[in-house]
2 protein chains.
Amino acid sequence: MILLEERIQKDGIVKEGDVLKVDSFLNHQMDVSLFAQMGAEFKRLFKDKPINKILTIEASGIGIACVVAESFNCPVVFAKKTASINLDGDVYTSKVISFTKKREYDIIVSKKFLTKDDHILIIDDFLANGCAVMGLIDLINAAGATVEGVGIAIEKGFQPGGQMIRDKGIQLESLAIVDGMDPATGRITFRH
Amino acid sequence: MILLEERIQKDGIVKEGDVLKVDSFLNHQMDVSLFAQMGAEFKRLFKDKPINKILTIEASGIGIACVVAESFNCPVVFAKKTASINLDGDVYTSKVISFTKKREYDIIVSKKFLTKDDHILIIDDFLANGCAVMGLIDLINAAGATVEGVGIAIEKGFQPGGQMIRDKGIQLESLAIVDGMDPATGRITFRH
């Protein structure tokens, strides 16, 4: 998606350690009009799939997922990263290792909101090692629901998550795939 | 907002300890078409305010804030609850005590995304003791930005947060104010 690539090149900041900061429009400050255009693009890419629910993970996936869901006219469910007293014990859980925070955590979704009749589109802001998405797929499989696809804003193509998901035969659509970043020049190379 | 009150009465679950579970449509599974209608209502209620940015707090505020922001044609910034290596050190911080999780935490916003020129609408899903909103107001004040108003989906009118914010002269609009809940019957009383 050229619009997103241009925005990443213009406002993204490349840092040492394969860090791409896009916090001015994607995951701290959020450009919801960009999200709406991403929603239209995901709708086009997944137009043949009978999607009735979007699944994401807190926190930065939620905003994109909710705006994208307006294009699909369906609800969003977000997986939570820690247990809360407001959640019933009746949950699906999986373990995820965070690349950015360098720690392991549990993700949970209430069993009420994932059922065998659900056809799920997973939406997230970043795909790198794929741990978050694999955790979400675990939850969907535990519920007996169907993974219809995975929609990602930015995939780091030089990390293994994308290949891992495509190897499972799942339709993965990343609106921008970054194949390389140079912290010295700030130049970002996209896959086309 | 009658539509929201009806939804709370229909799908909300009242539990002991003043807990109102609305996780089927507001803060775990999220009905984004309801959020869009809430956005239109907030736009009507704050139509005279020069709002250029919406501020919320992770996680459950983000979805509502992003859909509401489409009605205001402005970006969203969300305050984060823990430090991440993806955030610069250059942040505004405040302390918040969580009612539901019974713990204290820091909230942070990058200084890049709150400035003295910003006119902020705070959006959140729940208002009870008001600690989260007061923390967000702290961040806005630290930046020298202007609080134009606070928009809440559900206010617990029997807890002190609403009064505390109104006493500061801030325009607070809660789309549903719950004055009482009976866990035995499930009946919810709204303020009109």
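Residues numbered from 1 in each chain as written. Chains lettered and ligands numbered in written order. Predicted model: local features only at pLDDT ≥ 70, side-chain atom pairs only at ≥ 80, totals over all residues. Heavy atoms only, no water.

Draft legend 1. Region of the structure containing the nonpolar core. Leu 20 and Ile 54 of chain A together with Leu 20 and Ile 54 of chain B are the most contacted members of the largest nonpolar core, which has 78 residues in total. For Leu 20 of chain A, the residues in contact, after removing those within four places along its chain, are Ile 8, Gly 12, Ile 13, Val 14, Phe 126, Ile 154, Lys 156, Val 178, Met 181 and Ile 188 of chain A. (Core = buried A, V, L, I, M, F, W, Y, C linked by side-chain atoms within 4.5 Å. Buried < 20%, exposed > 50% of the residue type's maximum accessible area, 1.4 Å probe, protein only. Contact = heavy atoms within 4.5 Å.)

Draft legend 2. The arrangement of the pattern of salt bridges in detail. All names here are of chain A. Counted under the stated rule, the structure contains 24 salt bridges over all chains. For the salt bridge of Lys 53 with Asp 118, the shortest nitrogen-to-oxygen distance reads 3.2 Å. With Lys 53 in strand 4 (residues 53-57) and Asp 118 in the loop between strand 7 (103-110) and strand 8 (119-127), this residue pair connects regions lying 65 residues apart in the sequence. With respect to class, Lys 53 is no different from Asp 118; both count as buried. Across the salt bridge formed by Asp 106 and Lys 95, the nearest N and O atoms sit 2.8 Å from each other. In this pair, Asp 106 is assigned in strand 7 and Lys 95 in strand 6 (residues 91-98), connecting sequence segments 11 residues apart. Taking relative accessible area as the criterion, Asp 106 reaches 35% and is therefore assigned partly exposed. Relative accessible area serves as the criterion here: at 51%, Lys 95 is assigned to the exposed category. Through salt bridges with shared partners, one network takes in Arg 7, Lys 10, Asp 11 and Asp 31. (Salt bridge = Lys/Arg side-chain N within 4 Å of Asp/Glu carboxyl O. Helix = DSSP H or I, 4+ residues; strand = E, 2+ residues; numbered from the N terminus.)

Draft legend 3. Examining the relation of the copies chain B and chain A more closely. Mapping chain B onto chain A calls for a rotation angle of 180° and an axial translation of 0.0 Å; the resulting RMSD is 0.0 Å. Here the symmetry operator amounts to a two-fold rotation axis. Comparing interface residues between copies, 98% of those in chain B also sit at the interface in chain A, which points to an isologous, same-surface contact. (Least-squares fit on C-alpha atoms with pLDDT ≥ 70 in both.)

Draft legend 4. Spotlight on the interface of chain B and chain A. Across the boundary between the two partners, chain B contributes 42 residues, which contact 41 residues of chain A. For the chain B and chain A pair, buried surface summed over both sides reaches about 3,500 Å², with 58% attributable to carbon and sulfur atoms. At the junction of chain B and chain A, the tally comes to 2 salt bridges. Along the contact surface separating chain B from chain A lie 10 residue pairs in polar contact (both at pLDDT 80 or more). Of all the secondary structure elements, the ones that give two or more residues to the side of chain B that touches chain A are strand 2 (19-21), strand 3 (29-30), helix 2 (32-45), helix 3 (60-72), strand 5 (76-79) and strand 7 (103-110) of chain B. In terms of residues, the side of chain B that touches chain A owes the most to one element, helix 3 of chain B, which gives 7 residues. When the residues that make up the side of chain B that touches chain A are grouped by side-chain class, the tally is 20 nonpolar, 11 polar and 11 charged. (Buried area = accessible area lost by both parts, 1.4 Å probe. Polar contact = N/O pair within 3.5 Å; in protein donor to acceptor, adjacent residues only side chain to side chain. Nonpolar A, V, L, I, M, F, W, Y, C, P; charged D, E, K, R; others polar.)

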